[in-house]
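# Fold and contact review
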Amino acid sequence: MSIPVTEEHEALAESVGRWATDRCPEEVPQATFDADADELPAIWEDMANQGWLGIHLPEEHGGVGYGLEELAVVLEQLGRAAVPGPFLPTVLAGELIRRAGSDAAKSELLPSIADGSRPAAVDLQGELELQRDGEAITV
């Protein structure tokens, strides 16, 4: 299955790529890799402010309202620049909650995933774990 690339996708790719080049020079991923503690990278908040953590999530839950195609464009560009941080696991968790979560889970969790205040990961054994201020929440 191929995904048609639109002019909007190309513009998004250019914008994200330019941001990644400006905000994430080679030293940033290396410094994150060499760090003693796991911390969100300094650019995490900026990624959230760009709307990328919720680009695929519905507007009523704090997202931008686009789809997985636009998310794929963002992921590709962030990957090219080796932008550090839990972007992929967080957007994956958001998508799983969007598709399979209860209305209460969507209302409670998706806005904080979209705004970057709740990085997340998926446990492939069937649990979803969210981290906030060092506290783990299993859904």
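This text goes with the structure placed above it.
Below is a summary of the structure that appears in this document. Note that the coordinates shown come from a computational prediction; the quantities given were computed from them, not determined experimentally.

Following the sequence through the fold, Glu45 ends up in helix α3 (residues 44-49). On the basis of relative accessible area, Glu45 is assigned to the exposed category, the value being 57%. On a C-alpha basis, the gap between Glu45 and Asp115 in space is 8.1 Å, while along the polypeptide they are 70 residues apart.

What follows concerns helix α6 (residues 103-114). Relative to the 16 Å expected for 12 residues at 1.5 Å per residue, α6 spans 16 Å between its end C-alpha atoms, a close match to the ideal helical length. Here α6 has its buried residues at Ala105, Lys106, Leu109, Leu110, Ser112, Ile113 and Ala114. In the stretch just after α6, Gly116 is the one whose phi turns positive, near 85 degrees.

Tallying each qualifying case throughout the model produces one aromatic pair. Aromatic side chains Trp19 and Trp52 sit 4.9 Å apart centroid to centroid with 90 degrees between the ring planes, which places their arrangement in the edge-to-face category. Residue Trp19 is found in helix α1 (residues 7-23), and its partner Trp52 is found in the loop between α3 and α4 (68-80); the two are separated by 33 residues along the sequence. Taken as a pair, Trp19 and Trp52 share a single burial class, namely buried.

Moving on, we get to α4. Helix length check: α4, at 13 residues, gives a terminal C-alpha distance of 18 Å against a target of 18 Å (1.5 Å per residue), a fit within 8%. Listed in full, the buried residues belonging to α4 are Glu70, Leu71, Val73, Val74, Gln77 and Leu78. The arc that holds every buried residue of α4, seen down its axis, measures 155 degrees, which confines them to one face. Facing away from the buried side of α4 by more than 90 degrees, the exposed set consists of Gly79 and Arg80. At the exit of α4 stands Ala82, carrying a positive phi of roughly 55 degrees.

A general feature of soluble globular proteins is that nonpolar side chains tend to end up buried together. Ranked by size, the top nonpolar core spans 20 residues in total, and within it Trp19, Met47, Trp52, Val74, Leu78, Val83 and Phe87 carry the most contacts. Elements supplying a minimum of two residues to this core: α1, α3, α4 and α5 (87-100). In terms of residue count, the dominant contributor to this core is α1 (five residues). In contact with Phe87, not counting residues within four places along its chain, are Trp44, Met47, Trp52, Leu53, Leu71, Val74, Leu75 and Leu78. Counting nine residues, the second largest nonpolar core, distinct from the first, contains Leu57, Ala93, Ile97 and Ala120.

Parameters and conventions
Residues numbered from 1 in each chain as written. Predicted model: local features only at pLDDT ≥ 70, side-chain atom pairs only at ≥ 80, totals over all residues. Heavy atoms only, no water. Helix = DSSP H or I, 4+ residues; strand = E, 2+ residues; numbered from the N terminus. Buried < 20%, exposed > 50% of the residue type's maximum accessible area, 1.4 Å probe, protein only. Expected span 1.5 Å × (residues − 1). Phe/Tyr/Trp six-rings, centres within 6.5 Å; stacked < 30°, edge-to-face > 60°. Arc of directions from axis to C-beta. Core = buried A, V, L, I, M, F, W, Y, C linked by side-chain atoms within 4.5 Å. Contact = heavy atoms within 4.5 Å.

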